[in-house]
Amino acid sequence: MIPIDRRSALRAGAGAAVAGALATGCTDSAPAMPTGSASGPPRGSAPGSPPGSPPGPSAGSSTGSGRPAARTAPAPRRFPGQSAEITHGPRDRARVALTFHGQGDPATATAVLAEAERAGARITVLAVGGWLDENPALARRILDGGHDLGNHTLHHIDISELDEAAAYAEITGCAQRLRRLTGSIGSWFRPSRTQHAGPLILRLARKAGYPHVLSYDVDSLDFTSPGAAAVTRTVTGQIRNGSVVSLHFGYADTVAALPALLDALERRGLRAVTTTELLT
């Protein structure tokens, strides 16, 4: 259990994080960040690779930008007994997965990661490929924090409205960026601008190397900017054992809601883990 004084510190940290995010401007189009990667213990296993993607960097080799290549990150896994589209984990264990759509102001993204880590929580980030192009250091920052990192398409357009070739390019385009930055195509794929994947997207995701598509059973609606209290009420009103929650980087309300949300999970005996941990 987190002591009361620790909870006060979490709330104070959230306020500072929100202030910092707002000072830089919270927008859907994130400004570029300096490149570079944080150090940390080796993680993961051999990478997966979408057909036609270039070979990934090996540890210690150089990327095209001249930076040392990052260590190999965890690759997608097949979970026996799980359907092609996963909406939640086991209902008999007191674990939940907080998943974040990776786009928006990098300051807000960093604040979310720091807030989760202060509470001992781990999250899942589904990153947009264009956002990774502008903020490449965040890919390694996410992994070095012990979080899951996955694919949320290249441009975050409505993938269900695209033809087969364009939809596949959206999936593999982001996968290639993840592989270039981390050595893996990412642990998960989530389609953009839709909660559920149709048969075509499920097939294309498998072709690209993702055995499962990650959906969710709780929508926080944080992208509507309803205020931190509303985000917390929405999630706590629906969450239960095994839930996968949809949240977003890029919204100050989300950072501000995290201390109260994590407090509520603790009081109910729910542990926030990565999606991989949820299903393992």
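Above this text you will find the structure in question.
Residues numbered from 1 in each chain as written. Predicted model: local features only at pLDDT ≥ 70, side-chain atom pairs only at ≥ 80, totals over all residues. Heavy atoms only, no water.

## Considering the layout of surface pockets
Taken as a whole, the largest pocket holds about 340 Å³ of empty space. Lining the largest pocket are 19 residues, and of these H101, H156, F223, H248 and Y251 sit closest to its centre. Of the residues in the lining of the largest pocket, the class split is six nonpolar, ten polar and three charged. (1 Å grid on protein atoms, 1.4 Å probe; cavity = no way out; pocket = protein on both sides within 12 Å on 5 of 7 lines; lining within 4 Å. Points joined across faces, edges and corners; volume = space filled by probe spheres on them. Nonpolar A, V, L, I, M, F, W, Y, C, P; charged D, E, K, R; others polar.)

## A few points about the packing of helix 2 (residues 106-118) against helix 4 (residues 137-144)
It is the contact of helix 2 with helix 4, at a shortest axis distance of 11 Å, that shows an interaxial angle of 10 degrees. With respect to helix 4, the element helix 2 is oriented roughly parallel. For the pair formed by helix 2 and helix 4, the contact residues are P106, A109, T110, L113, A114 and E117 on the first element and L138, R141 and I142 on the second. Of the residues that constitute the contact of helix 2 with helix 4, the class distribution is six nonpolar, one polar and two charged. (Axes fitted to C-alpha atoms, helices over the stretch in contact; angles between N-to-C directions. Helix = DSSP H or I, 4+ residues; strand = E, 2+ residues; numbered from the N terminus. Parallel < 35°, antiparallel > 145°, perpendicular 65-115°, else oblique. Contact = heavy atoms within 4.5 Å.)

## Details of the pairing of strand 4 (residues 148-151)
What you see with strand 4 is no split at all: D148 and G150 on one side and L149 and N151 on the other are buried throughout. Relative to strand 4, strand 3 (residues 124-127) is paired through four bridges, and the arrangement is parallel. When the bridges of strand 4 are listed, V125 appears paired with L149. (Buried < 20%, exposed > 50% of the residue type's maximum accessible area, 1.4 Å probe, protein only. Pairing = 2+ DSSP bridges.)

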